[in-house]
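Each chain, letter by letter, is given below.
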Amino acid sequence: MLNAIRFHKEHVDGTGYPNRLKQDEIPLLAKIISAVDAFDAMTSSRPYRKSKSKMEAIETLLKESGTKWDAKIVNVMNLLLTKNKYVNVAIRS
């Protein structure tokens, strides 16, 4: 669990932090937390910006899957959050 917390800001393309891990170097639970945390942040209002809609957040996750977030995890989130209706955005592999 500690590694999941520590590495949830890593990006699958190696541009995250703290260790610039990529792909399979990042623990699975950290990848899941990263995508879910990003979705939550995008769909929550902040003092400096309005929240995105659920569909806008999913589109952002899909557009940045394969770079920031694991494409398989984002695909599963998309399926769960849209009740199997795909958003019309290409998924990077």
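Cut-offs applied
Throughout this description, residue numbers start from 1 for each chain and increase along the sequence as written. At least 70 in pLDDT is required for a residue's local features to be given in this predicted model, at least 80 for side-chain atom pairs to be given and counted, and no such filter applies to totals for whole chains, interfaces and linings, which use all residues. Side-chain metrics rest on all non-hydrogen atoms present in the structure, leaving aside hydrogens and water. Simply put, an axis is a line fit to the C-alpha atoms, just over the touching stretch for a helix, and the angle between two N-to-C directions goes from 0 to 180 degrees. Secondary structure elements are taken from DSSP: a helix is a run of H or I of four residues or more, a strand is a run of E of two residues or more, and numbering for both begins at the N terminus. Oblique is the label for any angle not under 35 degrees, not over 145, and not in the 65 to 115 range, which are roughly parallel, roughly antiparallel and roughly perpendicular in turn. Handedness of each helix crossing follows the sense of rotation of the near helix against the far helix: counterclockwise by less than a right angle gives left-handed, clockwise gives right-handed. For this analysis, residues touch if any pair of their heavy atoms sits within 4.5 Å. Charged means Asp, Glu, Lys or Arg here, nonpolar means Ala, Val, Leu, Ile, Met, Phe, Trp, Tyr, Cys or Pro, and polar covers whatever is left, Gly included. Nonpolar side chains (Val, Leu, Ile, Met, Phe, Trp, Tyr) within 5 Å and like charges within 9 Å form the patches, drawn only from residues with over 30% relative accessible area and no salt bridge. Using a 1.4 Å probe, the Shrake-Rupley method yields the accessible areas, and only the shown protein chains count as cover for residues. Throughout this description, the term salt bridge denotes a Lys or Arg side-chain nitrogen within 4 Å of a carboxyl oxygen of Asp or Glu. Lys and Arg are tallied as positive, Asp and Glu as negative. Neither His nor the chain termini are counted. Here the site of a charge means atom NZ of a Lys, CZ of an Arg, CG of an Asp or CD of a Glu. Classification of residues uses two cut-offs on accessible area relative to the type maximum, computed with a 1.4 Å probe and protein chains only: under 20% is buried, over 50% is exposed, and between them is partly exposed. pLDDT is a per-residue confidence score from the predictor, ranging from 0 to 100.

Engineer: Would you take a moment to explain the packing of helix α2 (residues 28–42) against helix α4 (residues 71–81) for this structure?
Structural biologist: Two numbers describe a pair of packed helices, the interaxial angle and the distance between the axes. The interhelical angle for the contact between α2 and α4, taken along N-to-C directions, is 50°, at an axis separation of 10 Å. Classified by the interaxial angle, the pair formed by α2 and α4 is oblique. Where α2 crosses over α4, the handedness of that crossing is right-handed. Every residue of α4 that contacts α2 at Leu28, Lys31, Ile32, Ala35, Val36 and Phe39 is listed here: Ile73, Met77 and Leu81. In terms of residue class, the contact of α2 with α4 is made up of eight nonpolar, no polar and one charged.

Engineer: Honestly, a positive patch on the surface in this entry has me stumped. Any pointers?
Structural biologist: On the surface, Arg46, Arg49, Lys52 and Lys63 cluster together to form a positively charged patch. Topologically, Arg46 is positioned in the loop between α2 and α3 (54–63). Take Arg46: its relative accessible area is 31%, and that puts it in the partly exposed class.

Engineer: Just to check I follow, could you spell out the pattern of salt bridges for this structure?
Structural biologist: Any two side chains of opposite charge can pair if their charged atoms end up close together. Summed over the entire model, instances satisfying the criterion amount to four salt bridges. In this structure, Asp37 and Lys9 form a salt bridge, with 3.5 Å as the shortest nitrogen-oxygen distance. Here Asp37, found in helix α2, pairs with Lys9, found in the loop between α1 (2–6) and α2; they are 28 residues apart in sequence, far enough to count as distant. Overall, the relative accessible area of 32% leaves Lys9 in the partly exposed class. As a salt-bridge pair, Glu64 and Lys68 come within 3.3 Å of each other at their nearest N and O atoms.

Engineer: So what exactly am I meant to see when it comes to the confidence of the model for the protein chain here?
Structural biologist: Do not read the predicted coordinates in detail wherever pLDDT is low. Residues of the protein chain with pLDDT of at least 70 account for 89%, and the chain-wide mean is 90. Considering each helix and strand of the protein chain separately, the mean pLDDT is smallest for α4, with a value of 91, and largest for α2, with 96. Contacts for the low-pLDDT stretch residues 89–93, under 50 throughout, to residues beyond four places or in other chains number 13 contacts.

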